[in-house]
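Next come the chains, spelled out residue by residue.
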Amino acid sequence: MNLFLFPEAANTNNGYGFAVEKDFLKLHPSKSDLIVWYTILEKEDMGYLKSNDIIIKKNKTLSIKSIYNIFIGKDRTELLINELRFLKTQSFENIFCGDTIFYNAIRALFPNAYISVRFHNCFARIYDRKRLLRLTLDWKFSLKLINMYKLERQIFNDKKVNKIFISNEDRNYYTTMYGRKFDSEVWPIDVDINKIKKNRRPIKYSHSIVWFGGVESHKKASLVWFMNEILPIIKDAIPDVEFHLWGRGTEKFNNHDQGVFAHGFFQGTGMPLKNAIYINPDLIGGGVKIKIQTYLENGIPFVSSPFGYEGYSMDLIDNKYCFVEENDNWADRIIKIFKS
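This write-up is about the structure you can find in this document. A quick note: this is a predicted structure, and the numbers were derived from the prediction, not measured.

One can find Asp 282 in the loop between β11 (277-280) and α10 (290-297). For the pair formed by Asp 282 and Ser 51, sequence separation is 231 residues and the distance between their alpha carbons is 41 Å. Filtering out sequence-adjacent residues up to four positions away, Asp 282 remains in contact with His 218, Ser 222, Lys 289, Ser 305, Phe 307 and Gly 308. A polar side-chain atom of Asp 282 sits 2.9 Å from the main-chain amide nitrogen of Ile 284. At 3.1 Å, the side chain of Asp 282 forms a polar contact with the side chain of Lys 289.

Closest axis-to-axis distance for the helix α5 (residues 123-133)/helix α6 (residues 139-157) pair is 7 Å, and the angle between their directions is 125°. Considering their axes alone, α5 and α6 lie oblique with respect to each other. Note that α5 runs across α6; the crossing there is left-handed. Mapping the contact onto sequence places Phe 123, Ala 124, Ile 126, Tyr 127, Asp 128, Lys 130 and Arg 131 in α5 and Phe 141, Ser 142, Lys 144, Leu 145, Ile 146, Met 148, Tyr 149, Glu 152 and Phe 156 in α6. Of the residues assigned to the contact of α5 with α6, the class counts are ten nonpolar, one polar and five charged.

All right, on to the packing of aromatic side chains then. Evaluated as defined, the whole model comprises 28 aromatic pairs. Look at Phe 6 and Phe 24: their rings are 5.8 Å apart centre to centre, the planes differ by 65°, and that puts the pair in the edge-to-face class. One end of the pair, Phe 6, is in strand β1 (residues 3-6); the other, Phe 24, is in helix α1 (residues 15-27), with 18 residues separating them in the sequence. Arranged with centres 6.1 Å apart and planes meeting at 80°, the rings of Tyr 205 and Phe 338 form a pair that is edge-to-face. Taken together, the residues Tyr 205 in the loop between α8 (193-199) and β8 (208-212) and Phe 338 in helix α11 (residues 330-339) connect sequence positions 133 residues apart. Members of the aromatic cluster, each reached through a chain of ring pairs, are Phe 4, Phe 6, Phe 24, Trp 37, Tyr 48, Phe 96 and Trp 187. The ring of Trp 187 carries Lys 26 above its face, with NZ or CZ at 5.1 Å from the centroid. Taking the ring centre of Trp 211 as reference, the NZ or CZ of Lys 291 above it sits at 5.0 Å.

Residues Tyr 68, Phe 71 and Ile 72 make up a contiguous nonpolar surface patch of roughly 360 Å² in combined accessible area. For Tyr 68, the location among the structural elements is in helix α2 (residues 64-71). Classification of Tyr 68 by relative accessible area gives partly exposed; the value is 44%.

It is worth spelling out the pattern of salt bridges at this point. Per the stated rule, a full pass over the model turns up 18 salt bridges. Glu 83 is the partner of Lys 65 in a salt bridge, and the nearest nitrogen-oxygen pair spans 2.9 Å. Remark: Glu 83 occurs in helix α3 (residues 81-84) and Lys 65 occurs in helix α2; sequence separation between them is 18 residues. Judged by its relative accessible area of 13%, Lys 65 falls in the buried class. In this structure, the salt-bridge partner of Asp 128 is Arg 131, at a minimum N-O distance of 3.1 Å. With Asp 128 and Arg 131 both in helix α5, this residue pair falls three residues apart, about one helical turn. Members of the salt-bridge network, linked through shared partners, are Arg 125, Arg 129, Asp 170 and Glu 310.

Turning to its location among the elements, Asp 158 is positioned in the loop between α6 and β6 (161-165). Among the residues examined, Asp 158 registers a relative accessible area of 12% and is labelled buried. A polar contact is formed between the side chain of Asp 158 and the side chain of Arg 107, at a distance of 2.9 Å. There is a polar contact of 2.8 Å between the side chain of Asp 158 and the backbone nitrogen of Lys 160. Leave out the neighbours within four places in its chain, and Asp 158 touches Tyr 103, Arg 107 and Lys 163.

Parameters and conventions
Residues numbered from 1 in each chain as written. Predicted model: local features only at pLDDT ≥ 70, side-chain atom pairs only at ≥ 80, totals over all residues. Heavy atoms only, no water. Helix = DSSP H or I, 4+ residues; strand = E, 2+ residues; numbered from the N terminus. Contact = heavy atoms within 4.5 Å. Polar contact = N/O pair within 3.5 Å; in protein donor to acceptor, adjacent residues only side chain to side chain. Axes fitted to C-alpha atoms, helices over the stretch in contact; angles between N-to-C directions. Parallel < 35°, antiparallel > 145°, perpendicular 65-115°, else oblique. Left-handed = near helix turned anticlockwise from the far one by under 90°. Nonpolar A, V, L, I, M, F, W, Y, C, P; charged D, E, K, R; others polar. Phe/Tyr/Trp six-rings, centres within 6.5 Å; stacked < 30°, edge-to-face > 60°. Lys NZ or Arg CZ within 6 Å of the ring centre and 35° of its normal. Patch = residues over 30% accessible without salt bridge, like charges linked within 9 Å, V, L, I, M, F, W, Y side chains within 5 Å. Areas by Shrake-Rupley, 256 points an atom, 1.4 Å probe, with all protein chains shown as cover. Salt bridge = Lys/Arg side-chain N within 4 Å of Asp/Glu carboxyl O. Buried < 20%, exposed > 50% of the residue type's maximum accessible area, 1.4 Å probe, protein only.

These results come straight from atomic positions and should not be treated as a statement about function.
Given below as structure tokens:
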């Protein structure tokens, strides 16, 4: 019997759930394997459930567990040993930790086991990049970086762990820093080339720019940078340009006088606005942005920063639908797209 611990329900409600679903389908657990799901969703909203699966509800931001974890220097979502102690009496051939937040509890319960740990983000790389670039980020995300940096260094130093990264960039960071190449691998996000070819159509642009996604953690800093540094330059050249935002937490940026329309969480299907240019101004990177795959496969034209494009092939950059620009070139590139 194998043990699989997944850090979210396998679904397409968000990027995290989408990536977990990809891992689940790749691993293909058998009926006899034990699966632990760590999620905010209710049982009836989850897919892929078996009768013997275990569901552990993920703690909310202001829960006692969150406060305790932060107090002892851990990420607020990290599982406690007591939550998984029921596993101690069982024997497993293989143990898969679907995220680093399971590591400490599993290692305490199975100190000699060889385990696999999935890195959906490499926070250590983000932490080092933040220091190098001297970026100022949201204090909550900065605290998360500190705590996850400590956790990931523990895992990096554990020679009984197979490290599974989501991009070559993340794995290269690990192998360069630690000098080990044979205890890690990459499970990349696969882009469907046939979908790309099928869904691309000629676009007659309206003067609309779209941010599609939440504004939690470092995304807020990227969005503020775009609105403060790039959007005014674009508006000088194209006065009727509109900036539309869809995603959880975007409402706070609503400013119709400045041509900024924040719509909140998107309730529909597909993409919210046609004939617009979508943006991914990621200032710090880390992991892989699932939205890039969505844009590519659905024929959605977008501009991304180099950090935001990590994990995807450079061969897909065609400067017709997929634009990857350094920060200094963003305004000029978007103006040229609208005027082309």
